[in-house]
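# Summary of structural features
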Amino acid sequence: MVESNDGLLRAEDLCFSYFNGRVVSHVNLALGTGDLVGLIGPNGSGKTTLLKLLSGVLKPALGHVSLEGREVQALERREIARRVAVVPQELHVPFPFTVREMVSMGRTPYVRPLVGLTAEDRQVVLDVMGATGIGDLAGRDFATLSGGEQQRVIIAMALAQEPRFLLLDEPTVHLDLNHQVEILELIRRLNREKGVAVLAALHDLNLAALYFDRLVLLNRGAIVATGTPTQVLTAARILEVFSASVLVEAHPVTRAPQVTVVPLSQQAARSRDSGPRI
Amino acid sequence: MFKGRVGYGTSVLALLALLAMSGMVAISVGAVSVPVEEILKMGANRVAVGTFVRDWPEGDEVIIGVIRLPRVAGAALVGGALAVAGVVFQALLKNPMADPYIIGTSGGAALGATVAMTLPVTATWLGFGLVPVLAFVGAMSTVLFVYNLARTGPRVPVVSLLLAGFAVSSMLAAVMSSLMLISGSALRRVILWTMGGMTVNGWQQVAVVGPVMLVGAGAIYLLAGDLNAFLLGEEEAAYLGVDVERRKILLLFLGSLLTGAAVAISGLVGFVGLVIPHVARLLFGADHRILLPASGLVGGSFLVLADLVARSLLAPTEIPVGIVTALLGAPFFIYLLRRNKKEYGF
């Protein structure tokens, strides 16, 4: 592996297996400043595992992950955490923490024992609470917040790490549509305003196409397509990867590709309507 | 309750005052009652900040300085150590039902103590008899054994720790019961020991156990931020920059060390390590930077008072302090729980 500080979070020929078989297979990927990438693919296609490999909590069976030119596995967790923040799919908090306490935990990789949070740490916490719109919730118990609010707190905690790379695992899952939109708008704004490189695993193809510059499509652990949403989301590929028959049309306003499922009962009728088949 | 209203320094000072007051009452009360004023004068004379003419019996100085003060100090240390260890285990195992004994400490300690009581040998080491020494050794070696049982490759999953701890404890308890039945004569002593009671007589034991506990608790305090992260789960802790497995083994060791040291001078005092952390959490919040010192001070004050009740209620007979901690602590805890039930759901 060539050692160079290229400012990238890079996966090279990444492979990983659990006991029951390979889940990530020869993945090559590079994430750099300003990137806003959506990671899509069916359940079990390896999205979560890939994020864990990129953040260094899983050790690849083969291949490397390099963070700004250095092998992730050789770095201390503290060093990684100052550059890469992860928003997990679920966060269960068994004891009552306030929002401010939660967000402050994002400063863990910077805090020195005995010194505690410095004035600078507190300022970062305030800033990210402002940026994520949770300033008013500072004293509230995390457990009493709505799903959308909780997700914003978790994102704020990740931002308090002042990361260059933000990895999110299905940040909108379990949320209502309004909250989904709110979270995606927030992620996009953070990417545009702060230049944080974003890689987000997503299950909603339409939202992925609307909010992300580039998409990476995983199937059975391997990347089967990357590119702009228009390049990646074609009806043929969705049929192949998701085994779902769909129509892909341009969004009436943004022209982003939008996927519409065609019910099985209508498919025969549709193919008749579209004239004689060859 | 006080969360966000009272500052860190104020809270700690208030709790230090609580501990000092509990200690003062506990030193004053006993078979011979010594007024607080007299104790303060004795203390002032001793540290040479005052020169009060002694108008009290000389025996009082012995009662206070040689008997009660070390015992009260021991109780404060044990209560504090168990509460801090409880906080550690609850965070590491992410389990509100965890207590300092959960990964086998109690089973190992009890077996060690039983062996010591049934052996026809007496030995003394640094002022400790065979019972505390074997109890401590039993506790620490059991934790080591459980840790290695739970280990799978480089990782030690907390669920495995819990299950291995439970299995090993059950096994050790069975061995202990057999020993008790065979020996017969030690039965009563063993049972009393498992209910807990301060066995401090003189300064020597406190002088050994105290520094171990204080250094251990201090080291844990340095890891307060990591304990916060552990509460969010090990994976999230890793994302936040915690070297999870290394910190886990360190925290398990420190928590077990505090527990083992406590057990050595007090037997198996129950309840304190489970409930005091919850009480402190309800009063001061879940952030370990305040929770650890608060639990230690509340735990210390609580056990000082519980020990006072244990030795005064049916004086001159002493009742096991474990009975008192449960009888006093449980209703108070239930009261706090009901009062805070809206904000305290797990």
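Residues numbered from 1 in each chain as written. Chains lettered and ligands numbered in written order. Predicted model: local features only at pLDDT ≥ 70, side-chain atom pairs only at ≥ 80, totals over all residues. Heavy atoms only, no water.

## Side note on the overall build of chain A
When you go through chain A residue by residue, the secondary structure sums to 10 helices and 12 strands. Taken over C-alpha atoms, the radius of gyration comes to 20 Å for chain A, in line with the 19 Å a tight globule of 278 residues would show. Its C-alpha atoms put chain A at 75 × 45 × 35 Å along the principal axes. Sorting the 278 residues of chain A into buried and exposed places 53% on the buried side. Partitioning the intrachain contacts of chain A with sequence separation of at least 6 by distance along the chain shows that 64% fall at a separation of at least 24. Taking the average location of the 28 positive side-chain charges in chain A and that of its 29 negative ones, the two points are 3 Å from each other. (Helix = DSSP H or I, 4+ residues; strand = E, 2+ residues; numbered from the N terminus. Rg over C-alpha atoms; globule rule 2.2 N^0.38 Å. Buried < 20%, exposed > 50% of the residue type's maximum accessible area, 1.4 Å probe, protein only. Contact = heavy atoms within 4.5 Å. Lys, Arg positive; Asp, Glu negative; His and termini not counted. Charge placed at Lys NZ, Arg CZ, Asp CG, Glu CD.)

## Re the pattern of salt bridges
Residue and element names in this part refer to chain B. The tally for this structure, following the rule as stated, stands at 24 salt bridges over all chains. Across the pair Asp307 and Arg71 runs a salt bridge whose closest N-O atoms are separated by 2.7 Å. Of this pair, Asp307 sits in helix H13 (residues 288-312) while Arg71 sits in helix H3 (residues 58-92); the two residues are 236 residues apart in sequence, bridging distant segments of the chain. Owing to a relative accessible area of 12%, Arg71 belongs among the buried residues under this scheme. Here Arg246 ties to Asp243 by a salt bridge, and the two come within 3.5 Å at their closest N and O atoms. (Salt bridge = Lys/Arg side-chain N within 4 Å of Asp/Glu carboxyl O.)

## Things to note about the domain arrangement of chain A
Residue and element names in this part refer to chain A. According to the domain assignment, chain A contains domain 1 (1-83 + 163-229) and domain 2 (95-159). The straight-line distance from the C-alpha centre of domain 1 to that of domain 2 is 23 Å. Across the contact, 17 residues belong to domain 1 and 15 residues belong to domain 2. Of all residues in domain 1, the largest losses of buried area upon contact with domain 2 belong to Arg78, Arg82 and Leu186, amounting jointly to 31% of the total for that side. Remark: the boundary between domain 1 and domain 2 carries one salt bridge. In this structure, Glu182 engages Arg152 in a salt bridge whose closest nitrogen and oxygen atoms are separated by 3.3 Å. Joining domain 1 to domain 2, the criterion identifies six residue pairs in polar contact (both at pLDDT 80 or more). Of all elements in the fold, only helix H2 (77-81), strand S7 (165-169) and helix H6 (177-194) reach the threshold of two or more residues within the side of domain 1 that touches domain 2. Looking at the side of domain 1 that touches domain 2, the element that brings in the most residues is H6, giving eight residues. (Domains from an automatic or database assignment. Buried area = accessible area lost by both parts, 1.4 Å probe. Polar contact = N/O pair within 3.5 Å; in protein donor to acceptor, adjacent residues only side chain to side chain.)

## Focus: the nonpolar core
In this structure, Val103 of chain A together with Trp193 of chain B are the most contacted members of the largest nonpolar core, which totals 166 residues. Take this core: its biggest share by element is 16 residues, from H3 of chain B. Shared between two domains, this core holds at least three residues of each, these being domain 1 (1-83 + 163-229) and domain 2 (95-159) of chain A. Each residue touching Trp193 of chain B, except ones within four places of it in the same chain, is listed here: Ala109, Ala110, Ala113, Met117, Val131, Ala135, Val263, Gly267 and Leu268 of chain B. (Core = buried A, V, L, I, M, F, W, Y, C linked by side-chain atoms within 4.5 Å.)

## Some thoughts on the sheet that holds strand S5 (residues 70-71) of chain A
All names here are of chain A. If you trace the four strands from one edge of the open sheet to the other, you get S2-S1-S4-S5, paired in antiparallel fashion. With one partner strand each, in any of the chains shown, strand S2 (21-31) and S5 form the two edges of the open sheet. The sheet contact formed by strand S4 (residues 62-67) and S5 spans two bridges and is antiparallel. Pairing of Ser66 across the sheet is with Glu71, part of S5. (Pairing = 2+ DSSP bridges.)

## What about the packing of aromatic side chains?
Evaluation of the coordinates by the stated rule reveals one aromatic pair over all chains. Seen from their ring centres, Phe16 of chain A and Tyr18 of chain A are 4.9 Å apart, and the 85 degrees between their planes marks the pair as edge-to-face. Seen from the ring of Tyr110 of chain A, Arg107 of chain A lies directly overhead, with NZ or CZ sitting 4.1 Å from the centre. We note Arg281 of chain B situated over the ring of Phe95 of chain A; from NZ or CZ to the ring centre the distance is 3.7 Å. (Phe/Tyr/Trp six-rings, centres within 6.5 Å; stacked < 30°, edge-to-face > 60°. Lys NZ or Arg CZ within 6 Å of the ring centre and 35° of its normal.)

## Quick word on the interface of chain B and chain A
Each side of the interface is counted separately: chain B has 28 residues, and chain A has 30 residues. With both sides pooled, the region where chain B packs onto chain A buries about 2,400 Å², and carbon together with sulfur makes up 69% of that total. It is Leu232, Tyr239 and Leu240 of chain B in chain B that bury the most area against chain A; as a group they hold 29% of the surface buried on that side. Counting every contact that joins chain B to chain A gives one salt bridge. Of the charged contacts, one joins Glu235 of chain B and Lys52 of chain A as a salt bridge, the two residues approaching to 3.1 Å between their closest N and O atoms. The tally of links between chain B and chain A comes to five residue pairs in polar contact (both at pLDDT 80 or more). Listed by contribution, the elements that provide at least two residues to the side of chain B that touches chain A are helix H8 (203-222), helix H9 (224-231), helix H10 (234-239) and helix H12 (272-284) of chain B. The class makeup of the residues in the side of chain B that touches chain A is 13 nonpolar, five polar and 10 charged. (Nonpolar A, V, L, I, M, F, W, Y, C, P; charged D, E, K, R; others polar.)

## As for helix H11 (residues 244-266) of chain B
All names here are of chain B. The end-to-end C-alpha distance of H11 is 32 Å, a good match for the 33 Å that 23 residues give at a rise of 1.5 Å each. Taken across its 23 residues, H11 has 18 buried, putting it largely inside the fold. A positive phi of about 70 degrees marks Gly267, the residue just after H11. (Expected span 1.5 Å × (residues − 1).)

## A few points about the side chain of Ser104 of chain A
Residue and element names in this part refer to chain A. With respect to the helices and strands, the residue Ser104 is situated in helix H3 (residues 99-104). Residue classification places Ser104 among the buried positions, given a relative accessible area of 14%. In terms of polar contacts, Ser104 uses its side chain to reach the backbone carbonyl oxygen of Arg100, at 2.6 Å. Look past the residues within four positions of Ser104 in its chain and what remains in contact with it is Leu117 and Val125.

## A word on the side chain of Thr259 of chain B
Residue and element names in this part refer to chain B. Checked against the element boundaries, Thr259 lands in helix H11. A polar contact of 2.7 Å, which involves the side chain of Thr259, links it to the backbone oxygen of Gly255. Beyond its immediate chain neighbours, meaning those up to four positions away, Thr259 contacts Leu82, Ala85, Phe89, Pro100, Tyr101 and Thr105.

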